[in-house]
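Residue strings, one per chain:
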Amino acid sequence: MLKVINVVGARPNFMKVAPIVQAMKRRKQEFAPLVLHTGQHYDAAMSEAFFRDLELPAPDEYLGVGSASHAAQTAAVMERFEPVLLRENPDWVIVVGDVNSTLACALVCSKLGVKVAHVEAGLRSRDRTMPEEINRILTDQVADLLFTPSADADQNLLAEGIPEERIRFVGNVMIDSLLKHLPRSNSSTIREELDLNEREYAVVTLHRPANVDTSDTFARVLGALEMIGRRLPVVFPVHPRTRKTLSELGLAERVAGSKSLRIIEPLAYLDFLRLYSGARLVLTDSGGIQEETTVLGIPCLTLRENTERPITVDQGTNTIVGTDPERIVREAMAVLDHGPTARHSIPPLWDGHTADRILEALMQS
Ligand code: UD1
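Caption draft 1: Looking closely at unusual backbone geometry. For Glu55, which is not glycine, the phi torsion reads 55° and is therefore positive. Mapped onto the elements of the fold, Glu55 is located in the loop between helix 2 (48–53) and strand 3 (61–62). Positive phi, normally seen in glycine, also occurs at Arg126, with a value near 60°. You can see Arg126 is positioned in the loop between strand 5 (116–119) and helix 5 (131–142). Taking the relative accessible area as the measure of exposure, Arg126 reaches 61% and is therefore exposed.

What follows is the structure in C-alpha cells.
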C-alpha cells in the first residue's frame, strides 16, 4: 500500500490532481491518497468551485498560506508543509505544474529524503523572467520521478542532465479531466446566461504579470481586444490579479464602458469548459488553455512571446502572437475569416488515461 500526499495550491493544479486522486481511490488496496491544499489560491471562485466541479475530495490538510511576495509565499508553504510531511511520512508526494506551491513542496521533500514525483515535468519556455520557468527547472532537478506530457519535455530533461530512468512519458493528465467533464459541461447554462451563440464569440483570459502588471502593455492589449470585439462578442473572465491591476492602473472604467469586451467574474471549471468549448476563437496567456484548445480543435492565439508547450503549436491549434496589438488583431481576423488554418492533431497520449499510467509507474518505482 502506497501512502501518497497529492499537493494542490493554485487554480491550474486542481484539474491535474483530480484524476490522479480519483484513480487512487478506485485502487484502494494499493493506494492511500491524501489531498493537501497549500491555500495559495483561496477565493471561492479560484479554489472551492474547482473542488466541487472536479469532484475532488475536500483537502485532508489545508495550509492557508494565501497571497504574498514570491519569497514569502514560497517560504510559508515550506514552513507549513514540513511538519505535515514529518507527521504523515508518506511513500510519495506528488506535485503538479509550475506554481510556487509546486517548487516549495518539492524542495521540502528533497531535504527530508521523501520521494517526490513531478507531474507535467520537462516543459520549458526558456524565458527565465517567468516565475513558472524557475519553478519548473528547480522542481525537475530535485524530483525523483518525472512524468512528462510530450516528447519535447523528455528531451529538455535529458539535456539538463536528468537521468533517463527517472523520466516517464505518460501524456497530459489535464486532458483526463477535460475528456471526463466535457459531456457534463453541457449542463452549464453559461452561454444562455451571457446570451451567446455557439461559435459566434471569442473568449479571453489574461493574468501573466508580463501582460497585466504594466499599464502600457495591458492598455495596448485591451485596445486589440476592443477591435476584435467590433467583429464578435469577446468574453473576458477576469482573474483576481488582473482585476486588481485593472483598477490600480486606472483601466477599469475603460473596460466597464466597453460594449464589445464583456468583463465577467472568474468561472468555475464546468462553466469555463462550456464557454471556451463553444468559442470561435480563444485568446490567452495561460498554459493549460493552449493545450485544452488543441484537444478540442479550437483556434488559440497565445498572447506571449514564447510557450513552454511547443507541441500545441507544432501539432495543435495554437499560434504564438505576442502582445503587439496590430499582430493580435491581424491574426484574430485571419482566424475569423478563414477558420483554423493548419491541420492539427491531438498529441500522443493526450487520451484521458494519463492518471492510470502515473499510478502504474508509482507502483513499479
Ligand atoms: C498563479 C501562478 C501561475 C498560474 C496562476 C493561475 C505562481 C508563481 N503563479 O499566479 O503560474 O498561472 O496562479 O491562476 O505560482 N488572488 C486573489 N485570490 C486568490 C488568489 C490570488 O485575490 O484566490 C490575487 C491576490 O491579489 C494575489 C494575486 O491574485 O496577490 C496573485 O496571486 P498569486 O497566487 O500570487 O499568483 P497568480 O497571479 O494567481
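We are not done yet, so read on.
Caption draft 2: View of the nonpolar core. Of all hydrophobic cores here, the largest spans 57 residues; its most connected members are Ile20, Ile94, Phe147, Leu275 and Leu362. Both of domain 1 (2–172 + 350–364) and domain 2 (184–338) provide at least three residues apiece to this core. Those residues in contact with Leu275 that lie beyond four places of it in its chain are Ile190, Leu194, Leu196, Tyr201, Val203, Val235, Pro237 and Leu267.

Caption draft 3: Here's a closer look at empty space enclosed by the protein. On inspection of all chains with the given rule, the structure shows 1 cavity of 30 Å³ or more. Of the voids in this model, the largest cavity is the one considered here, and its volume is about 60 Å³. Taken together, Lys16, Val119, Glu120, Phe147, Pro149, Gly171, Asn172, Val173 and Met174 make up the full set of residues lining the largest cavity. Its residues assigned to classes, the lining of the largest cavity shows 5 nonpolar, 2 polar and 2 charged.

Caption draft 4: Spatial organisation of the pairing of strand 1 (residues 2–8). Of all 7 residues in strand 1, 6 are buried, a share of seventy percent or more. Read as a crossover between parallel neighbours, the route from strand 1 over helix 1 (residues 11–26) to strand 2 (residues 31–37) is right-handed. As paired strands, strand 1 and strand 4 (residues 92–96) are joined by 3 bridges and run parallel to one another. By the bridge assignment, Ile5 is partnered in strand 4 with Val93.

Caption draft 5: Geometry of the side chain of Asn100. Take Asn100: it is sitting in helix 4 (residues 100–112). Accessibility expressed as a relative area gives 6% for Asn100, which makes it buried. Engagement of the side chain of Asn100 in a polar contact is seen with the side chain of Gln73, the distance being 2.9 Å. Sequence-distant contacts of Asn100, defined by excluding residues within four places in its chain, comprise Gln40, His70, Gln73, Thr74 and Asn135.

Caption draft 6: View of the sheet that holds strand 7 (residues 167–169). The sheet built from 7 strands is open, its strands ordered 3-2-1-4-5-6-7 with parallel pairing. Lying at the two open borders of the sheet, with one neighbouring strand each, are strand 3 and strand 7. As judged from the 3 bridges shared by strand 6 (residues 145–148) and strand 7, these two strands associate in the parallel manner. Pairing of Thr148 across the sheet is with Phe169, part of strand 7. Contacting strand 1, strand 2, strand 4 and strand 5, helix 1 runs over the sheet at an angle of about 160° to strand 1. Running at roughly 170° to strand 7, helix 6 (residues 151–159) makes contact with strand 6 and strand 7 of the sheet.

Caption draft 7: The arrangement of the pattern of salt bridges in detail. Here the structure, examined in full by the defined rule, presents 30 salt bridges. Among the salt bridges present, the one from Arg309 reaches Glu120, with a minimum N-O distance of 3.1 Å. Linking Arg309 in the loop between strand 12 (300–302) and helix 15 (311–314) with Glu120 in the loop between strand 5 and helix 5, this pair joins segments that are 189 residues apart in sequence. According to the relative accessible area criterion, Arg309 is buried, its value standing at 4%. When its relative accessible area of 9% is taken as the criterion, Glu120 is described as buried. Between Arg274 and Glu192 there is a salt bridge, with the nearest N and O atoms lying 3.7 Å from each other. Separated by 82 residues along the polypeptide, Arg274 in helix 13 (residues 269–277) and Glu192 in helix 8 (residues 190–193) bring together distant segments of the chain. On the basis of relative accessibility, which here comes to 13%, the residue Arg274 falls in the buried class. One connected set of salt bridges, linked through shared partners, spans Lys16, Asp98, Glu120, Glu133, Arg136, Glu291, Arg304, Glu308 and Arg309.

Caption draft 8: Representation of the sheet that holds strand 11 (residues 281–284) within the structure. Overall, parallel pairing links the 6 strands, which are arranged 10-9-8-11-12-13 in an open sheet. Of all strands in the sheet, those bounded by a partner on one side alone are strand 10 (261–264) and strand 13 (318–320). Sheet twist, expressed as the mean angle between neighbouring strand axes with direction ignored, is 20°. Pairing of strand 9 (residues 234–237) with strand 10, which is carried by 4 bridges, proceeds in the parallel orientation. For Val235, the partnering residue across the bridge sits in strand 10 and is Arg262.

Cut-offs and rules
Counting restarts for each chain: residues are numbered from 1 in the order of the written sequence. With pLDDT at 70 or above as the cut-off, local features in this predicted model cover only qualifying residues; side-chain atom pairs require 80 or more to be listed or tallied, and sums for whole chains, interfaces and linings still use all residues. Calculation of side-chain values draws on the structure's entire complement of heavy atoms; hydrogens and water are dropped beforehand. Numbering goes from the N terminus for both helices and strands, where a helix is a DSSP run of H or I of at least four residues and a strand is a run of E of at least two. Accessibility here uses a 1.4 Å probe with only protein chains present; expressed as a share of the type maximum, an area under 20% marks a residue as buried, one over 50% as exposed, and anything in between as partly exposed. In plain words, nonpolar cores are sets of buried Ala, Val, Leu, Ile, Met, Phe, Trp, Tyr and Cys residues tied together by side-chain atoms within 4.5 Å. For the purposes of this description, domain bounds are those given by an automatic or database domain assignment. Whether two residues are in contact is decided by their heavy atoms, any of which lying within 4.5 Å being enough. Put simply, the grid is 1 Å and covers the protein atoms alone, a cavity is a trapped set of points that fit a 1.4 Å probe, a pocket is an open set with protein on both sides within 12 Å along at least five of seven lines, and lining residues have an atom within 4 Å of a point. Grid points are joined across faces, edges and corners, and a volume is the space filled by probe spheres set on the points. Lys, Arg, Asp and Glu make up the charged group, whereas Ala, Val, Leu, Ile, Met, Phe, Trp, Tyr, Cys and Pro make up the nonpolar group; the residues left over, Gly among them, are polar. If you view a crossover with the strands going away from you and the path from the first strand over the helix to the second runs clockwise, you call it right-handed. When DSSP finds at least two bridges between two strands, those strands are taken to pair. Counting of polar contacts relies on pairs of N or O atoms within 3.5 Å, with two restrictions inside protein: one atom must be capable of donating a hydrogen and the other of accepting it, and residues adjacent in sequence are counted only when both atoms are side-chain atoms. For every element, the axis is a line fit to its C-alpha atoms; helices are fit only across the contacting stretch, and the angle between N-to-C directions ranges from 0 to 180 degrees. By definition here, a salt bridge exists when the distance from a side-chain nitrogen of Lys or Arg to a carboxyl oxygen of Asp or Glu is within 4 Å.

Just geometry here; none of it tells us what the structure is for.
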